[in-house]
Amino acid sequence: MEINAQGLEIGYGEFVAVEGMDITVKKGEITTIIGPNGSGKSTVLKALTRLLKYRKGAVYLDSRDLASFGSRELARRVGVLPQRHSAPPDFKVKDLVGYGRMPYQKWYSKHNEEDKKVIEWALKATGTWELRDKSINECSGGESQRVWIATVLTQQPEILFLDEPTTYLDISHQLETMRLVRKLNRESGIGVVMVLHDLSQALEVSDRIVVIKGGRKYSEGTPDEVITSRMMREVYGVDCDILRIPGRRAPLIAYREIS
Amino acid sequence: MRSQKKVSLLRVGTVLLALLLLLAGMSLVSMAVGSAGYSVPEILRALFSAEKSPVKTIVVNLRLPRISLAILIGASLAAAGALLQSVMRNPLADPGTIGVSAGAGTAATTILLLFPHLTSSVPLFAFGGAALACVLIYMMAWKEGVDPTRIILSGVAINSVLGAYNSLLQLLNSDSLEGVLAFMNGSLSGRSWYQVRLLSVYASIGLILAFLCIKSANALQLGDEMAKSLGVKVSGSRVLLSGVAAFLAASTVSVAGMIGFVGLVVPHIARLLVGSDYKAMLPTSVVLGALVLLAADTLGRTVVPGMEIPVGIVMAVCGGPFFLYLLRKKGKASGN
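Further remarks concern the overall build of chain A. Counting its secondary structure elements, chain A contains 9 helices and 12 strands. Compactness check: chain A gives a C-alpha radius of gyration of 19 Å against a globular reference of 18 Å for 259 residues, within 12% of the reference. Taken over the C-alpha atoms alone, chain A extends approximately 55 × 40 × 30 Å along its principal axes. Within chain A, residue pairs in contact and separated by at least 24 positions form 64% of the contacts whose partners lie at least 6 positions apart.

Below is the structure:
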């Protein structure tokens, strides 16, 4: 499965947030969208999942127009974890994760055996099985992020969209979340599309990176092709060296010292 | 997993059972007390015997219809408030927010003061006014979907315009305000089985619809984008839930006038008792709403001998301070 957007223009009134955007994301791959604040990263992610309307262009899921999908039909193939989400603090972890089954259920039906199996799988895959009887407000930031990822996994999507999944988390929870994303992708072949701010993390986990600057695509390719000191200067206005260290797969970004 | 689930089910079951028992007890008390007081055995004997007696006449023709109405109205208003709090994702939402009270008030004031010969049709007009105000607010708030903040703000605007019109009308007709005041403060006095039959039809339809909305109400609590990505039609659900809530609230207003605070406070208490999951919270709100309104009405007609205090006033006087108490207590619990 792949989602393919061509010539997207997104904006509100006079304001144009994104224009001339062509982008393709695939099952089985981790694609990361990076770019400065306000460059339109989240906007693109939302348009690819129909959370936001676009003015021009088209989005296709396996060459079928995204607009022609029923809302539940789409929710069975694409899962989105928005940047902002909330649940009443007393909701139980396993109840919240169960909401991921909504696209498969009628409005009156309860969890059947299949639903229960998928919920159990999602809880175990995200390491939240032990938390299942806790309420959301008893979970730490990292735990609750894993619970939300489990909720979206329960939709059994082919591609998982995560909008800044590590923002607001401390470094250990950030790495934990990245490890989880990588594991899910490698073990179940799920596609992942993320918006990330941390470029080192993008370098490490991505198969492909798309760089956005001022609402337009600046470049795309493998991490090695894309993360260059020239890109850093032109997109972020930051000087840095990309250092290769023997024994490390991903290079390091050494920013110029603050003087 | 199993045992945990049983524990929470048990808790909800216990709460509901306790509330139902309290409601039954309160109904008995309400049959017994009043300008003529009876003992419980007297009432039960009168109710289950075939002969006519003064006790039976008073209980069956005066007190029972009033008790039934209080139960139906309390249940409907609490359900309406619970649904709206999910629609707006705002704990301060109640049927007043979407213009039900102001719309009904405007219609009733207009009829009572300007077209007094239509007074018997006030319930019909009140219902229509409530529905109209609600539709107007949603039309003003609609812009590629309905956003809760816009609903609340257009509600504030329309409520204030209607409120001003009401005040002006009352100023101009200050000598014939009795009917208007009774309507504005919600009263159950002098109601008969006719109103009970009417409202029981509306309330059953509305409550059944409300129970069918449980899943949507829960999903809306997860945030708009999350709900949307779970395949929920967010704006559609908002309009549907608001429609059911407006229907429930408008039916009560047409029968008993405006009764505040039930729709606001009761869902909060229910949430404290059984949590935010509408599967437990909605039924608890319904029973608790019935209990609270019945208690308020019973208090209102007995606390000062020989005088009736409208149930709307009792609710406001007791509900306000209780709400403040809840706010402070809740703030402490969550560490604020």
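Let's pick the thread back up.
Grouped together as the largest cluster of nonpolar side chains are 155 residues, with contacts concentrated most on Met 194 of chain A together with Ile 98, Tyr 138, Phe 183, Leu 222 and Ile 259 of chain B. Top contributing element to this core by residue count: helix 3 (residues 54–88) of chain B, with 17 residues. The two domains that each donate at least three residues to this core are domain 1 (1–77 + 159–259) and domain 2 (85–156) of chain A. Ignoring sequence-local partners within four residues, the contact set of Met 194 of chain A consists of Ile 30, Thr 31, Thr 32, Ile 33, Leu 45, Leu 162, Pro 165, Met 178, Val 181 and Val 205 of chain A. If you look at the next biggest cluster of nonpolar residues, it comprises 29 residues, including Met 1, Ile 3, Val 80 and Ile 159 of chain A.

The next subject is the sheet that holds strand 1 (residues 2–12) of chain A. Residues and elements named next belong to chain A. Spatial strand order, 2-1-4-5: 4 strands in an open sheet with antiparallel pairing. Of all strands in the sheet, those bounded by a partner on one side alone are strand 2 (15–26) and strand 5 (64–65). Bridge count between strand 4 (residues 56–61) and strand 5: 2 bridges; the pairing is antiparallel. Among the inter-strand pairings, Tyr 60 is bridged to a residue of strand 5, identified as Asp 65. Seen against the sheet, helix 1 (residues 41–48) touches strand 1, strand 2 and strand 4 and runs at an angle of roughly 60° to strand 2.

We now examine the packing of helix 12 (residues 262–274) of chain B against helix 13 (residues 278–302) of chain B. Residues and elements named next belong to chain B. At their nearest, the axes of helix 12 and helix 13 sit 8 Å apart, and the two run at 125° to each other. Between helix 12 and helix 13, the angle is such that the two are oblique. Here helix 12 and helix 13 pass one another in a crossing that is right-handed. Residues Val 262, Val 266, Pro 267, Ile 269, Ala 270, Arg 271, Leu 273 and Val 274 of helix 12 pack against Tyr 278, Ala 280, Met 281, Thr 284, Ser 285, Leu 288, Gly 289, Val 292 and Leu 293 of helix 13. Residue composition of the contact of helix 12 with helix 13, grouped by class: 13 nonpolar, 3 polar and 1 charged.

Before going further, it helps to examine the interface of chain B and chain A. Across the contact, 22 residues belong to chain B and 33 residues belong to chain A. Taken together, the two surfaces of chain B and chain A that pack against each other cover about 2,400 Å², and 59% of this comes from carbon and sulfur. Our count for the contact surface shared by chain B and chain A stands at 1 salt bridge. Salt-bridge contacts for Glu 225 of chain B lead to Lys 46 of chain A; the nearest nitrogen and oxygen are separated by 3.3 Å. Counting the contacts that link chain B with chain A gives 10 residue pairs in polar contact (both at pLDDT 80 or more). Mapped onto the side of chain B that touches chain A, the elements with two or more residues apiece are helix 1 (2–32), helix 9 (214–220) and helix 10 (224–229) of chain B.

The next thing to look at is helix 5 (residues 141–153) of chain A. Spanning 13 residues, helix 5 of chain A covers 18 Å between terminal C-alpha atoms, matching the ideal 18 Å at 1.5 Å per step. A large share of helix 5 of chain A lies buried, amounting to 12 of its 13 residues. Among the structural elements, strand 6 (78–81), helix 3 (93–98), helix 4 (113–125), strand 7 (159–163) and helix 6 (171–188) of chain A together with helix 10 of chain B are those in contact with the buried residues of helix 5 of chain A.

A few words on the environment of Arg 301 of chain B. All names here are of chain B. Note on placement: Arg 301 falls in helix 13. Once the C-alpha coordinates of Arg 301 and Ala 130 are considered, the two residues, 171 residues apart in sequence, prove to be 28 Å apart. Those residues within four positions of Arg 301 in sequence are excluded, and the remaining contacts are Ser 30, Val 33, Gly 34, Arg 63, Arg 66, Met 307 and Glu 308. Side-chain polar atoms of Arg 301 contact the backbone oxygen of Ser 30, separated by 2.5 Å.

Once that is clear, we can look at the confidence of the model for chain A. Taken over all residues, the pLDDT of chain A has a mean of 93, while the share at 70 or more is 100%. Across chain A, the element-wise mean pLDDT spans from 92 in strand 12 (residues 252–255) of chain A up to 97 in strand 3 (residues 30–34) of chain A.

Cut-offs and rules
- Residues numbered from 1 in each chain as written.
- Chains lettered and ligands numbered in written order.
- Predicted model: local features only at pLDDT ≥ 70, side-chain atom pairs only at ≥ 80, totals over all residues.
- Heavy atoms only, no water.
- Helix = DSSP H or I, 4+ residues; strand = E, 2+ residues; numbered from the N terminus.
- Rg over C-alpha atoms; globule rule 2.2 N^0.38 Å.
- Contact = heavy atoms within 4.5 Å.
- Core = buried A, V, L, I, M, F, W, Y, C linked by side-chain atoms within 4.5 Å.
- Buried < 20%, exposed > 50% of the residue type's maximum accessible area, 1.4 Å probe, protein only.
- Domains from an automatic or database assignment.
- Pairing = 2+ DSSP bridges.
- Axes fitted to C-alpha atoms, helices over the stretch in contact; angles between N-to-C directions.
- Parallel < 35°, antiparallel > 145°, perpendicular 65-115°, else oblique.
- Left-handed = near helix turned anticlockwise from the far one by under 90°.
- Nonpolar A, V, L, I, M, F, W, Y, C, P; charged D, E, K, R; others polar.
- Buried area = accessible area lost by both parts, 1.4 Å probe.
- Salt bridge = Lys/Arg side-chain N within 4 Å of Asp/Glu carboxyl O.
- Polar contact = N/O pair within 3.5 Å; in protein donor to acceptor, adjacent residues only side chain to side chain.
- Expected span 1.5 Å × (residues − 1).
- pLDDT = per-residue confidence, 0-100.

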